[in-house]
Amino acid sequence: MMPTQTIHGELTKSEVSDGIAVLTIDRPQVHNALNAQVLDEIRSFLTDVRDRDDVKAVIFTGSGEKAFIAGADISQLVDYTPRDGLMAKMQRLYDEIEEFEKPTIAAVNGYALGGGNELAMACDIRIASSNARFGLPETNLGVLPGAGGTQRLARLVGKGRAVELILTGRMFDAEEAFRIGLVARVVAPERLLEAAQETAAQILAKGPLAVRLGKIVIKNGFETDQRTGMLLERLAQALLYASPEKVEGTNAFLEKRLAAFDRVQ
């Protein structure tokens, strides 16, 4: 195992080990609620790890067992104006997470409400502990889930379910989240981070260019018509057919050995 590097912010902390960066929102006294400083620290973290060769995947989680992120800090939300709505700082940050070139995984422990649920939905993969609770309760406050919730939830679980969940603002458990396709796996709380790291390690064993192009084609193809999506798929495949990764991957299979993609980058 490679040495672990630990970096502490005031309200977040991050660790890098074996190519995986784990960012933990560290405000357990307020269930890891998001305020302006937390958002700034998340953005700084993304900037830091974006071009680091020792970081190949990112996991987001929350401190403690009670909450992943219990939403936005209402003490700040109460003062928001229409200008804040148009600036959409949280929505734009979550767009950065969704567009991040490296694989992202949300390890959801406890409450994932409002902006916490929206952050998880911006990640590529969501893994939940069995005690996780999800919800977009913004209509209780007279607002909408405005950090991508109205759009990403519908794309992940279907428009009908999204309308019901957003308009009622109800919470639902990890099993329902799995059943409707919001999360990929549900594990015991003590296994959550390990499961997320195992998933990240599985991805890192694959061809990195194939993983990167896969993210691009799936996301952008889903946002357009099927014919255009198929064109994107063909173009990406053509690039991969000309890559050293394809040579290494196919030779490794024929030679009955593990591919060493890190040697051909």
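What counts and how
Residues numbered from 1 in each chain as written. Predicted model: local features only at pLDDT ≥ 70, side-chain atom pairs only at ≥ 80, totals over all residues. Heavy atoms only, no water. Core = buried A, V, L, I, M, F, W, Y, C linked by side-chain atoms within 4.5 Å. Buried < 20%, exposed > 50% of the residue type's maximum accessible area, 1.4 Å probe, protein only. Helix = DSSP H or I, 4+ residues; strand = E, 2+ residues; numbered from the N terminus. Contact = heavy atoms within 4.5 Å. Phe/Tyr/Trp six-rings, centres within 6.5 Å; stacked < 30°, edge-to-face > 60°. Salt bridge = Lys/Arg side-chain N within 4 Å of Asp/Glu carboxyl O.

(A) Quick look at the nonpolar core. Ile-42, Phe-134 and Leu-182 are the most contacted members of the largest nonpolar core, which has 46 residues in total. With six residues, the top contributor of residues to this core is helix α1 (residues 36-50). Not counting chain neighbours up to four residues away, the residues in contact with Ile-42 comprise Leu-23, Ile-25, Leu-34, Phe-60, Leu-93, Ile-97 and Leu-119. Counting residues in each nonpolar core, the second largest holds 12 residues, with Ile-105, Leu-192, Ala-195 and Ala-196 among its members.

(B) Representation of the packing of aromatic side chains in the model. Counting across every chain of the model gives two aromatic pairs. Relative to Phe-60, the ring of Phe-45 lies with its centre 6.4 Å away and its plane at 75°, an arrangement referred to as edge-to-face. Here Phe-60 lies in strand β4 (residues 57-62) and Phe-45 lies in helix α1, a separation of 15 residues in the sequence. You can call Phe-60 buried: its relative accessible area is 1%. With 5.8 Å between their ring centres and 20° between their planes, Phe-134 and Phe-172 make a pair best called stacked. Of this pair, Phe-134 sits in strand β9 (residues 133-135) while Phe-172 sits in strand β10 (residues 172-173), placing them 38 residues apart in sequence.

(C) Representation of unusual backbone geometry. A positive phi angle, close to 55°, is found at His-31, a residue other than glycine. Within the secondary structure layout, His-31 lies in the loop between β3 (20-25) and α1. In the Ramachandran plot, Lys-256 falls in the positive-phi region, its phi being about 55° despite a non-glycine side chain. Take Lys-256: it is sitting in the segment after α12 (244-254). Exposure remark for Lys-256: the relative accessible area of 76% places this residue in the exposed category.

(D) Region of the structure containing the pattern of salt bridges. Counted by the stated rule, this structure contains 16 salt bridges. One salt bridge in this structure joins Glu-164 and Arg-170, with 2.7 Å as the shortest N-O distance. Residue classification places Glu-164 among the partly exposed residues on the basis of a relative accessible area of 32%. What makes Arg-170 partly exposed here is its relative accessible area of 29%. Between Arg-191 and Glu-198 there is a salt bridge; the shortest N-O distance is 3.3 Å.

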